[in-house]
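# Topology and contacts: notes
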Amino acid sequence: MCGIVGVVSNAPVNQLIYDALLLLQHRGQDAAGIVTQHERKFFMHKAKGMVRDVFRTRNMRALPGNSGLGQVRYPTAGDASSEEEAQPFYVNAPFGIVLVHNGNLTNAHAQKAELFNTDHRHTNTESDSEVLLNVLAHELEKATRGTSLGAAEVFAAVANVHRRVRGSYAVIAQIAGHGLLAFRDPFGIRPLCIGKSKDGTVMVASESVTLEGTGHVFERDVAPGEAVFITLDGQVHSQLCAERSQLSPCIFEYVYLARPDSVLDGISVYQARLNLGQTLAKRVISMVPPNEIDVVIPIPESSRPSATELAHLIGKPYREGFVKNRYVGRTFIMPGQAVRTRSVRQKLNAIASEFEGRNVLLVDDSIVRGTTCREIVQMAREAGARKVYMASAAPPVRFPNVYGIDMPTKEELVAHGRTIEEVRQIIGADALIYQDVNAMKKAIGALNTHIKDFDASCFDGIYVTGDITDSDIARMKDQRVVSRASDDDDVHQAQSNAASA
């Protein structure tokens, strides 16, 4: 999960891209980058950190041009500690191309070997995004041999990219001197939408809130398998480039990842979470009599709509029992378990008066590793709660996600190989209520009947691309172990430096 944006305008775009990335900050807090184009030359700045920290006035002044793209990074493949793997990525031939990518290629290892052995292209990092860039560059080179580059050649190249790569990918690329290209994988696993402003500026971004928050009018979602090519004068060309496509968006976007004020593939994220609260209420009533619950308290922030609806339906007060420190990032998307564990209590503080002597029902959007839940249950008890019940708006996360969410190994998942009772004991709650998988799909799917299925692989183990084997998951696990070991070394070094200071 990352946040990406691309813009073509008749005015400088550096500030516009910066503002867009701030609206996408929830999708990635590890690194940020912007590239602009001026007179066929790219200007780039990227670094590890939050958007507000990466870009200073001097950096913004060094990003001239009327078109460009940007990304906030959340690492799921490659080396999380590497500055080099911050995006955008650049390759100088053909034309000069920069690219940002949200998702995860499941055959990056095979494609990297093919790039080297057959296409004679070199990749310098472990990032699957650099692999994707080089595949695109090679296919653009093939499509333009003996001819100039136009929309037809761009779409032919994207069609071949779809034939070669597997996994999830929402992509925005800038081709020097020609225009902006955006495309989405044939299953539409990761979101991408397009909009325009009154002055003719065209923006492509991960979420609709990015368009609305920067003064653009949402036009539509990019369809699965579709490519959109925007020339530098603002003309928009589009074509379905995949041989077969079906819309199967990641259901975790609606559960947790996306902002509640976004609309993804025709579904309001906020309404989706309200619907999850409705179905969760039925589960709660069947397991814990409402007369044993004094108050419903959300775990900020993604669970609030579900908790509000649940409290209304079971007839119990809704209260804010935790205050969130907004200057600590989302713990789920922090790389490294050591950082994640330490951040929970820095992130939340309990309001003791809401817990003292009460049976509280805590509502979370999901339970992935169990780290956060265990700490929060303990915080509720320390604040004086008599009993602590835990309800999850999502089903148990039992399977690795291979499409760009940081849950790639079974061993990290608290629900994998365990019963609900065993999970309850681990997190220390008096009762644990999970959402049902089919109820979740029905609750969200009712908001757009054109979606026949979702990717819910982390809940049901069904991978929509149909090409994931146990060996693929094992390889991704091994890559993740190496990446996280490097990241943990950085954490330990930082702690050592702080102790010495």
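Below is a short write-up of the structure. (Residues numbered from 1 in each chain as written. Predicted model: local features only at pLDDT ≥ 70, side-chain atom pairs only at ≥ 80, totals over all residues. Heavy atoms only, no water.)

### Thoughts on the sheet that holds strand 8 (residues 179-184)
Whenever strands of a sheet pair, they do so through backbone hydrogen bonds, lying parallel or antiparallel. If you walk across this open sheet you meet the six strands as 5-6-7-8-12-13, and the pairing is antiparallel. Unpaired on one side and paired on the other, strand 5 (89-91) and strand 13 (236-240) mark the two borders of the sheet. The sheet shows a mean angle of 20° between the axes of neighbouring strands, taken without regard to direction. (Pairing = 2+ DSSP bridges. Helix = DSSP H or I, 4+ residues; strand = E, 2+ residues; numbered from the N terminus. Axes fitted to C-alpha atoms, helices over the stretch in contact; angles between N-to-C directions.)

### Here's the deal with the nonpolar core
The biggest cluster of nonpolar side chains holds 57 residues, and the ones touching the most others in it are Phe252, Leu310, Leu361, Met440, Ile444 and Phe459. Top contributing element to this core by residue count: helix 9 (residues 269-287), with six residues. Other than its neighbours up to four places away in sequence, Leu310 contacts Gly277, Leu280, Ala281, Val284, Val296, Leu361 and Val363. Phe89, Leu105, Ala108 and Cys241 belong to the second-largest nonpolar core, a separate cluster that totals 32 residues. (Core = buried A, V, L, I, M, F, W, Y, C linked by side-chain atoms within 4.5 Å. Buried < 20%, exposed > 50% of the residue type's maximum accessible area, 1.4 Å probe, protein only. Contact = heavy atoms within 4.5 Å.)

### A word on the pattern of salt bridges
Following the criterion strictly, the structure yields 27 salt bridges and no others. Between Glu139 and Arg164 there is a salt bridge, with the nearest N and O atoms lying 3.0 Å from each other. Taken together, the residues Glu139 in helix 5 (residues 128-143) and Arg164 in helix 6 (residues 151-164) connect sequence positions 25 residues apart. Of the two residues, Glu139 and Arg164, neither departs from the other in class, the shared state being buried. Of the charged contacts in the structure, one is a salt bridge between Glu412 and Arg369, with a shortest N-O distance of 3.5 Å. One end of the pair, Glu412, is in the loop between strand 20 (387-392) and helix 13 (420-427); the other, Arg369, is in the loop between strand 19 (359-364) and helix 12 (371-382), with 43 residues separating them in the sequence. Among the residues examined, Arg369 registers a relative accessible area of 10% and is labelled buried. (Salt bridge = Lys/Arg side-chain N within 4 Å of Asp/Glu carboxyl O.)

### Considerations on the sheet that holds strand 11 (residues 217-221)
Strand order in the open sheet formed by seven strands is 3-2-4-1-10-9-11, with antiparallel pairing between adjacent strands. Taken across any chain shown, the strands that pair with only one partner, and hence form the sheet edges, are strand 3 (41-48) and strand 11. Ignoring which end each strand starts from, the neighbouring axes of this sheet average 15° apart. Of the strand pairs in this sheet, strand 9 (residues 193-196) and strand 11 are connected by four bridges, and their pairing is antiparallel.

### Quick notes on unusual backbone geometry
Each neighbour pair has its own omega, and for Gln87 with Pro88 the value is 10°, a cis peptide bond. Checked against the element boundaries, Pro88 lands in the loop between strand 4 (67-73) and strand 5. Residue Pro94 is bonded to the preceding Ala93 through a cis peptide linkage, with omega at -5°. Positionally, Pro94 belongs in the loop between strand 5 and strand 6 (97-105). In this structure, Glu39 is a non-glycine residue whose phi angle is positive, near 50°. Mapping Glu39 onto the fold places it in the loop between strand 2 (31-38) and strand 3. Notably, Asp265 is not glycine yet its phi reads approximately 50°, a positive angle.

### Points about helix 4 (residues 108-117)
All buried positions along helix 4 are accounted for by Ala108, Gln111 and Leu115. Along the axis of helix 4, the buried positions cluster into a sector of 60°, meaning they face one direction only. Away from its buried face, by an angle of more than 90 degrees, helix 4 presents the exposed residues His109, Phe116 and Asn117. (Arc of directions from axis to C-beta.)

### A short note on the environment of Ala227
Inspection of the secondary structure assignment puts Ala227 in strand 12 (residues 226-231). On the basis of relative accessible area, Ala227 is assigned to the buried category, the value being 0%. Distance in space between the C-alpha atoms of Ala227 and Leu181 is 7.1 Å, their sequence separation being 46 residues. The residues contacting Ala227, other than those within four sequence positions of it, are Phe155, Val158, Leu181, Ala182, Phe183, His237, Ser238, Gln239 and Cys241.

### Some words on the pairing of strand 19
In terms of burial, strand 19 is a largely internal element, six of the six residues being buried. Taking every second residue as pointing to the same face, both faces of strand 19 are buried, with Asn359, Leu361 and Val363 on one and Val360, Leu362 and Asp364 on the other. By the bridge criterion, four bridges tie strand 16 (residues 295-298) to strand 19 in an arrangement that is parallel. For Val296, the partnering residue across the bridge sits in strand 19 and is Leu361. For the segment spanning strand 19, helix 12 and strand 20, crossover handedness is right-handed. (Right-handed = clockwise from strand over helix to strand, strands pointing away.)

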